[in-house]
Amino acid sequence: MPLEAISPYFRYWRTIVALDREVVDAVVSPAHQGPSRELQSALNEWPGTYYWSQREGPNRLVLIRSVGPSPKERWWLHIALFLVTFGTVWMAGSVLMSPPATLPIPSSLDLQRAWADLQEWVSLAGPGLGFAAALMGILLAHELGHYFVAKRYGVNASPPYFLPGPPQLNLIGTFGAFIRLRSPIVDRRQLLDVGAAGPWAGFAVALLVLVVGLLKSDVVEGVNALTPQMIYWGRTEFYLGDSPLMAIARRLLVGEGTVLLHPLALAGWFGLFVTMLNLLPLGQLDGGHIVYSLVGRHQGKVGLLMWYGLVVLGFEFYGWWIWAALILLIGRGRIVHPSVLDPYRPIPASRWWTGLATAVLFVLTFTADPLPNIL
């Protein structure tokens, strides 16, 4: 449907073409507010998406449609990365499920030694499948939350890219996942919805996995642990920090004492931790999206305070310094969120509640010192 077929229902409108999308900001004529049956019929045939901007009045309408060919996705690459990452997470989970197994770490490029190491991994593979499925499910839910809401708003978004991590270098076998937004975001409503969808989707799966895992976890006796929860990775003990939500769940489902986390519980713990990391109000992290959606350009002040907070926390856990440096690297030295196309259009009142609920989620999942036995 061309714009000319729907524009007679508008009092006036403006059109913005941003890369591969056309954005129409319209004021509906009084006779068609509500909307009228004729306008609703035309909207049903609109080849894109639309929504009403209620806080600007009952007659403000935003329409979005693609104006270029859809990109040809390299699905083979996304599937390959998913499968390779699943494999490395599976390998890491196998060691977690088989304490105190000795992790084979190749010391050379000797093919015979590498083959022997591979055989040892295979012998441990079965028990690690549940951990891999749980953790990959959490990451996939997070990224698909972003992806589907972005598609709902007509944003050109890539499928998820998964990042494998060799278990010898990475405790859980992955460096996470991400999607690329290849179209600019129109307004703060879109930004908040896309930004919040990922953490909430991942959190829902993580909470389910955590509950099941804690019910399978055991209290260990005679352990002088640094924290109330621990895991074995090979022959090494790792103590895990607490978030308020983790502490509540553990006490309700397991009880007092030092808990040896079942690998599913560990996957849930990591799910909460990843949710928290993404909700830091910095740059183009999900938390940066949400805070910018709520307070606009004042996000920079919040982000600066948070970044200095990470520097201070780094004296307890040096990983925060690495994360703070990565934030600057990704943002090219900036922690301020870039502007959307229309930063002045207000968000609906319902989105304020979404933003506040997400802020509460950040507090409940915040872990100041995730690995207390590692400086």
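Our subject is the structure that appears above.
Residues numbered from 1 in each chain as written. Predicted model: local features only at pLDDT ≥ 70, side-chain atom pairs only at ≥ 80, totals over all residues. Heavy atoms only, no water.

**Describing the sheet that holds strand β2 (residues 21-28)**
Convention followed: For two strands to be treated as a pair, DSSP must find at least two bridges joining them. Think of it this way: any DSSP run of H or I at least four residues long counts as a helix, any run of E at least two long counts as a strand, and we number them from the N terminus. Orientation is described by lines fitted to C-alpha atoms, with helices fitted over the stretch in contact, and by angles between N-to-C directions that extend from 0 to 180 degrees. Contact definition: two residues touch when any of their heavy atoms are within 4.5 Å.
Strand order in the open sheet formed by 4 strands is β1-β2-β4-β3, and the pairing between neighbours is antiparallel. Every other strand in the sheet has two partners, leaving β1 (10-18) and β3 (49-52) as the edge strands with one partner each. Strand-to-strand twist of the sheet, defined as the mean angle between neighbouring strand axes without regard to direction, takes the value 15°. Two strands pair when backbone bridges link them, and β2 and strand β4 (residues 60-66) are joined in this way by 7 bridges, in the antiparallel orientation. Bridging from a neighbouring strand, valine 23 pairs with isoleucine 64 of β4. On the sheet, helix α1 (residues 37-44) packs against β1, β2, β3 and β4 and is oriented at approximately 145° with respect to β3.

**Some words on the environment of arginine 182**
The condition is simple: Only protein chains enter the accessibility calculation, which uses a 1.4 Å probe. A residue is then buried if its area is under 20% of the maximum for its type, exposed if over 50%, and partly exposed in between.
Tracing the backbone through its elements, the reader meets arginine 182 in the loop between β6 (174-178) and α5 (188-215). Arginine 182 sits in the partly exposed class, given a relative accessible area of 22%. Along the chain, arginine 182 and asparagine 156 lie 26 residues apart, while their C-alpha atoms are 5.2 Å from each other. Residues within four places of arginine 182 in sequence aside, it is in contact with Leu19, Pro71, Glu73, Asn156, Ala157 and Ser158.

**So, helix α9 (residues 299-313)**
Keep this limit in mind: Expected span, for any helix, means 1.5 Å times one less than how many residues it has. Here the arc refers to the directions that run from the helix axis out to each C-beta atom.
Compared with the 21 Å implied by 1.5 Å per residue over 15 residues, the 21 Å span of α9 between its first and last C-alpha is a close match. Within α9, the full set of buried residues consists of Gln299, Gly300, Gly303, Met306, Trp307, Leu310 and Leu313. For α9, the angular spread of the buried residues around the axis is 140°, confining them to a single face. Along α9, the residues that are exposed and aim more than 90 degrees away from the buried face are Lys301, Leu305 and Val312. Taken together, the buried residues of α9 touch α8 (286-295), α10 (319-330) and α11 (349-365).

**Points about α5**
Our working rule: Bending is quantified residue by residue as the angle between axes fitted to the seven-residue window ending at that residue and the seven-residue window starting at it. A 3.5 Å cut-off defines polar contacts: any pair of N or O atoms within that distance qualifies, except that in protein one atom must be a possible hydrogen donor and the other a possible acceptor, and neighbouring residues in sequence count only when both atoms are side-chain atoms.
Helix length check: α5 (28 residues) gives 41 Å between terminal C-alpha atoms against 40 Å at 1.5 Å per residue, within 8%. Alanine 197 marks the point of greatest bend in α5, at about 25°, and the proline proline 199 comes within the next four residues. The opening residue of α5, the one whose side-chain oxygen lies 3.3 Å from the backbone nitrogen of arginine 189, is aspartate 187.

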